[in-house]
Amino acid sequence: MEQDIGKALTYQIKKEIAERYFGYRKIIEEDRQALETMICDLCFLYEQKIGRDIARIYVLLQDLNLIDEFLRLTGWKNRPFFDQYTVESSTIMERLLENMELRGWLAYAKFANLFLDSYEKLYLDMFEYRKKLDEVLEEAQVIDEEIRQFKEKFALEEIMNFLNTLDRRDDLASVLGENLPAGRAEDLSSRLELVPVGDLEKSLPKVPDLPPPDKVKSSLKDLANRVVKFHKEEVLKAVGD
């Protein structure tokens, strides 16, 4: 009778430890899955929206010197999303400009406004990107703290040593879930290791903090003037005149 009670108590202790261990672990794993979704959304925003915005700027500026001047003005390094074929393709230009509203009477005014509107769209999408990036990095820090506290609370080797004092049999699988292989505590610990997210910012696209449109309006207009001066044919094509 006493032996049966002892076995029942041992089983209950093991069950409670396993439930708490995997309960906390499941929360962390669900948070990591949510973080992966956030990262996918962030990369989609960068590739599909910001990539399209800056490609639109390229096709409007045409000239590599003007493109590089624009990038310096706005703090970009290198030439993100640059492709020479994109700049020269009339079909791609038409596609990039199809949802942009034309404002003004003369071709120059239409082009200048189109260029300013294109920058404003880039600026707003970049603002959204940086906001979402901050949310991703903040969530990564929360998860790393959860993992730190989890490891502090659940030192697996110590748990296994304690369980072995209750029952000398090698029944790690039944202790931590029937689907887990039995084996040494050290081996099981490595299998169940939770790796911190770490410095996620290094692996995500780096973007500058763009100056607000009103701060660079005169410089952008100057760029538009020079495009009109040296690429009149492309300007007329862009504004449909």
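Residues numbered from 1 in each chain as written. Predicted model: local features only at pLDDT ≥ 70, side-chain atom pairs only at ≥ 80, totals over all residues. Heavy atoms only, no water.

A. Looking closely at the side chain of Ser 89. Looking at where Ser 89 falls in the secondary structure, it is placed in the loop between α3 (84–88) and α4 (90–97). Ser 89 sits in the buried class, given a relative accessible area of 9%. Reaching out from Ser 89, the side chain makes a polar contact with the backbone nitrogen of Ile 92 at a distance of 3.1 Å. (Helix = DSSP H or I, 4+ residues; strand = E, 2+ residues; numbered from the N terminus. Buried < 20%, exposed > 50% of the residue type's maximum accessible area, 1.4 Å probe, protein only. Polar contact = N/O pair within 3.5 Å; in protein donor to acceptor, adjacent residues only side chain to side chain.)

B. How the structure looks around the nonpolar core. One finds Leu 61, Phe 70, Phe 115, Tyr 119 and Tyr 129 to be the most contacted residues of the largest nonpolar core, which totals 55 residues. It is helix α5 (residues 107–153) that contributes the most residues to this core, 17 residues altogether. The residues touching Phe 70, leaving out its near neighbours within four places in the chain, are Ile 57, Leu 61, Phe 115, Tyr 119, Leu 122, Leu 220 and Leu 223. (Core = buried A, V, L, I, M, F, W, Y, C linked by side-chain atoms within 4.5 Å. Contact = heavy atoms within 4.5 Å.)

C. Layout of the confidence of the model for the protein chain. The pLDDT averaged across the protein chain works out to 79; a share of 72% of its residues lies at or above 70. Confidence, expressed as mean pLDDT per element, reaches its minimum in the protein chain at helix α7 (residues 172–175) with 44 and its maximum at helix α2 (residues 64–74) with 94. Every residue in residues 168–182 scores below 50 in pLDDT, and together they form 25 contacts with partners more than four places removed in sequence or on other chains. (pLDDT = per-residue confidence, 0-100.)

D. Fine view of the packing of aromatic side chains. Taken as a whole and judged by the stated rule, the model has five aromatic pairs. Here the aromatic rings of Tyr 58 and Phe 82 are separated by 5.4 Å at their centres, their planes lie at 75°, and the arrangement is edge-to-face. Within this pair, whereas Tyr 58 is found in helix α1 (residues 2–61), its partner Phe 82 is found in the loop between α2 and α3, the two being separated by 24 residues in sequence. Given a relative accessible area of 1%, Tyr 58 falls into the buried group. Assessed through its relative accessible area of 22%, Phe 82 is described here as partly exposed. Ring pairing ties together the aromatic residues Tyr 46, Phe 81 and Tyr 129, which thus form one cluster. The lysine or arginine in question, Arg 79, covers the ring of Phe 82, its NZ or CZ lying 5.4 Å from the ring centre. (Phe/Tyr/Trp six-rings, centres within 6.5 Å; stacked < 30°, edge-to-face > 60°. Lys NZ or Arg CZ within 6 Å of the ring centre and 35° of its normal.)

E. Expanded view of the packing of α5 against helix α9 (residues 217–230). Direction vectors running N to C along α5 and α9 enclose 135°, while the axes themselves pass 9 Å from each other. As far as their axial angle goes, α9 and α5 are oblique. Seen from above, α5 lies across α9 with right-handed handedness. Between α5 and α9, the residues in contact are Tyr 108, Phe 111, Ala 112, Phe 115, Leu 116 and Tyr 119 and Lys 217, Leu 220, Lys 221, Leu 223, Ala 224, Asn 225, Val 227 and Val 228, respectively. (Axes fitted to C-alpha atoms, helices over the stretch in contact; angles between N-to-C directions. Parallel < 35°, antiparallel > 145°, perpendicular 65-115°, else oblique. Left-handed = near helix turned anticlockwise from the far one by under 90°.)

F. Spotlight on α9. Taking 1.5 Å of rise per residue, the 14 residues of α9 would be expected to cover 20 Å, and the 20 Å separating its terminal C-alpha atoms lies within 8% of that figure. Residues Leu 220, Leu 223, Ala 224 and Val 227 constitute the buried set of α9. On an axial view of α9, the arc spanned by its buried residues comes to 100°, and they lie on one face. Residues Ser 218, Lys 229 and Phe 230 are exposed on α9 and point more than 90 degrees away from its buried face. (Expected span 1.5 Å × (residues − 1). Arc of directions from axis to C-beta.)

G. A look at a negative patch on the surface. Together, Asp 134, Glu 135, Glu 138 and Glu 201 line one region of the surface with negative charge. Looking at where Glu 138 falls in the secondary structure, it is placed in helix α5. (Patch = residues over 30% accessible without salt bridge, like charges linked within 9 Å, V, L, I, M, F, W, Y side chains within 5 Å. Areas by Shrake-Rupley, 256 points an atom, 1.4 Å probe, with all protein chains shown as cover. Salt bridge = Lys/Arg side-chain N within 4 Å of Asp/Glu carboxyl O. Lys, Arg positive; Asp, Glu negative; His and termini not counted. Charge placed at Lys NZ, Arg CZ, Asp CG, Glu CD.)

H. Unusual backbone geometry, seen in detail. We note that Asn 78 has phi near 60°; this positive angle belongs to a residue other than glycine. Mapped onto the fold, Asn 78 is located in the loop between α2 and α3. With a phi angle near 65°, Phe 81 is a residue other than glycine that sits in the positive phi range. Mapped onto the elements of the fold, Phe 81 is located in the loop between α2 and α3.

I. Local environment of the environment of Pro 211. Here Pro 211 is to be found in the loop between α8 (185–191) and α9. Once the C-alpha coordinates of Pro 211 and Gly 75 are considered, the two residues, 136 residues apart in sequence, prove to be 8.4 Å apart. Discounting residues that sit within four places of it in the chain, Pro 211 has contacts with Leu 73, Thr 74, Tyr 119, Tyr 123 and Val 216.

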